[in-house]
Amino acid sequence: MDCRVSIISGGYGEAAVLRILAQQPQTLNMEALGIRFQTLDIINNAVNQNKGIVINTGPTGSGKTTTLYSILNQLNKKDVKIITLEDPIEYSLGGVMQTQIDKEGGYTFANALKSLMRQNPNIIMIGEIRDAETAQTALEAALTGHLVLSTVHANSAAGAMVRLAELGIDRSILANALNCSIGQRLVRRLCPACKKEQQPDEALMQKVKTVLDGIDPSAKITLPDKFVFFASVGCPACGGIGYKGRLGLFEAIPANNEVRKLIQDTKALDAEIETLAAKAGFISIELDGILKALSGDTSAKRVIFATHRSDLKTAEASLADIEKRINKLQKDFGYTRVNEEGAYQAALEEYVEAKTFYWLTNKQPLKKIPNIKLEAQSYLGGLCDLCGELVRQAINAAANHDYQTVKKNNQLINDILAELINFDMTGYLRTKYDQARQHLRKMEEVNYQISLK
Ligand SMILES: [Zn+2]
């Protein structure tokens, strides 16, 4: 067991903090995390320089730090001095000097970085760049013969460059110091024991085609003759979830001369940087995900979900689009007639599930859906399915140590079930209600597992 001890001397004696660290997992390896194709070459090339900065970006819980650890793991050799500034230290790396940020004690990223420079490290890993001062110091280190690895909070590799520039640092310093910018997401890996072949529906397939059509020949990607996708099932090997472990989706943009020129142009937007990168065979997170779905590692649905999850505008737009279609169907065929169609009813339930889930994730209360005429059965059935979605979200959250969401979703499912019992849940709705109760049981299991930790 690894344990990090930090002792600070105070006026009335010493204060000691003991932190038990996770053992370094087997998967601290770039390829095992899911870095493939030319993205791997770009990153390898960028981290094998003896100066410059490599930035990784993605939403909270997307595995940014784990990727940096896997890079450090590869660079960690005798005679290479590596120092990290972390908040908190997540894994222990043998032979690496890892230090813990202590904001209250004045040991901030910026202060720590300045004092650690005196130790003459070859490589510095900074947990996160959040402010101009840290960014400035990190870039200066990168320009003076140190390889710097860090993360920033942004949505894409190109977005990270813009984000750094917007912190108010000198754009020409950024342009000169940058080696490469990485973007990533995390998706669930399909359980190899039970995944089954399944073609995505028309709308999803359309999205997949759009992404694949955008491949530049210079990306050197060979697509299979026949597109085969897989979906999750659930079996004893995966605890009935249908997924086992997680997989990263990656993109990387090297700072070549053209990219450097764009960074220095104060008007440059991330879209322009991406367009430029695309000409050099850039593989976006989304494309990487579709390629991984084609190789059966994950499902196309997961990829689209993961790449658009933080894009609320997309969710809003697609809900509005569905609403338009529902109203058109009702108008064209008559409300009674469309409701006789099983496929229509199923679609409406799915719509209710998506709409209510959207409300909940945006901290809005459940209410009557405005401007859409629907039967009570569709709404109630959709609420039952919503419980399943909340469980899935909670499992994801638990994997990311976000126990608050787990607790919140547990409460939500309890509340929804308590409300549903007030309705006439017989016949078809009885089946849906029983499914919702199973979701609650699964939810409580997740909660219980967490309480054991
Ligand atoms: Zn399975």
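A brief report on the enclosed structure follows. From a predicted model like this one, the values you see are computed outputs, not experimental measurements. For every chain, the first residue of the written sequence is number 1, and numbering continues from 1 along that sequence. Confidence filtering applies because this is a predicted model: local features only for residues at pLDDT of at least 70, side-chain atom pairs given and counted only at 80 or more, and all residues used for totals across whole chains, interfaces and linings. For side-chain calculations, the full set of non-hydrogen atoms in the structure is used, while hydrogens and water are omitted.

1. Considering the packing of aromatic side chains
So the rule is basically this: Here the aromatic set is Phe, Tyr and Trp, taking the six-membered ring for Trp, and pairing holds for ring centres within 6.5 Å; pairs whose planes are under 30 degrees apart are stacked, those over 60 apart are edge-to-face, and all others are tilted. By definition, being over a ring means that NZ of Lys or CZ of Arg is both within 6 Å of the ring centre and within 35 degrees of the ring normal.
Under the criterion given, the structure shown has one aromatic pair. Positioned above the aromatic ring of Tyr-243, the side-chain terminus of Arg-302 is 4.7 Å from the ring centre. The ring of Trp-359 has Lys-367 sitting right over it, with the charged end atom 4.4 Å from the ring centre.

2. Describing the packing of helix 16 (residues 376-399) against helix 18 (residues 428-452)
Think of two packed helices as two axes; the pair is described by the angle between the axes and how far apart they sit. Quick reminder of the rule: The convention used is that axes are lines fitted to C-alpha atoms, helices contributing only their stretch in contact, and that angles between N-to-C directions extend from 0 to 180 degrees. Secondary structure follows DSSP: runs of H or I at least 4 residues long count as helices, runs of E at least 2 residues long count as strands, and numbering of each begins at the N terminus. An angle below 35 degrees is read as roughly parallel, one above 145 as roughly antiparallel, one from 65 to 115 as roughly perpendicular, and any other as oblique. For any pair of crossing helices, the crossing counts as left-handed if the nearer helix is rotated counterclockwise from the farther one by less than a right angle, and right-handed if it is rotated clockwise. For this analysis, residues touch if any pair of their heavy atoms sits within 4.5 Å.
Running from N to C, helix 16 and helix 18 cross one another at 15°; their axes reach a closest spacing of 9 Å. In terms of orientation, helix 16 lies roughly parallel with respect to helix 18. Judged by the sense of rotation from one axis to the other, the crossing of helix 16 with helix 18 is left-handed. Where helix 16 approaches helix 18, its residues Gln-377, Leu-380, Gly-381, Cys-384, Asp-385, Cys-387, Gly-388, Val-391, Ala-394, Ile-395 and Ala-398 are matched on the opposing element by Tyr-428, Leu-429, Lys-432, Tyr-433, Gln-435, Ala-436, His-439, Lys-442, Met-443, Val-446 and Ile-450.

3. A short note on the environment of Asn-410
By the element assignment, Asn-410 lies in helix 17 (residues 403-420). Sequence separation between Asn-410 and Leu-291 is 119 residues, and the spatial gap between their C-alpha atoms is 35 Å.

4. Side note on the nonpolar core
Threshold: We call a set of buried Ala, Val, Leu, Ile, Met, Phe, Trp, Tyr and Cys residues a nonpolar core when their side-chain atoms join them within 4.5 Å. Exposed residues in this analysis have more than 50% of their type's maximum accessible area, buried residues have under 20%, and partly exposed residues fall in between, with area computed by a 1.4 Å probe over protein chains only.
Counting 42 residues, the largest nonpolar core has Ile-53, Ile-129, Leu-164 and Ile-253 as its most contacted members. Looking at this core element by element, the count peaks at seven residues for helix 6 (residues 157-166). When residues no more than four places from it in sequence are discounted, the contact partners of Ile-53 are Ile-129, Ala-138, Leu-139, Ala-142, Val-148, Ala-177, Leu-178, Asn-179 and Cys-180. Cys-387, Ile-395, Val-406 and Tyr-433 belong to the second-largest nonpolar core, a separate cluster that totals 39 residues.

5. Remarks on the coordination of the zinc ion
The test is simple: For Na, K and Ca the donor cut-off is 3.2 Å, and for all other metals it is 2.8 Å, counting N, O and S atoms only; because water is absent from this set, sites may look incomplete. Geometry is assigned from the angles between donors: four donors with all angles from 85 to 135 degrees make a tetrahedral site, four or six donors whose opposite pairs exceed 155 degrees while the rest stay between 65 and 115 make square planar or octahedral sites respectively, and everything else is labelled irregular.
Distances from the zinc ion to its protein donors, Cys-191 (SG), Cys-194 (SG), Cys-235 (SG) and Cys-238 (SG), fall within 2.3 to 2.4 Å. Between the four donor atoms coordinating the zinc ion, the angles at the centre fall across 105 to 115°, so the site counts as tetrahedral. Summarised as a motif, the one-chain spacing of the donors to the zinc ion is C-x2-C-x40-C-x2-C. Within this pair, whereas Cys-191 is found in the loop between strand 8 (178-190) and strand 9 (196-197), its partner Cys-238 is found in the loop between strand 10 (230-231) and strand 11 (243-254), the two being separated by 47 residues in sequence.

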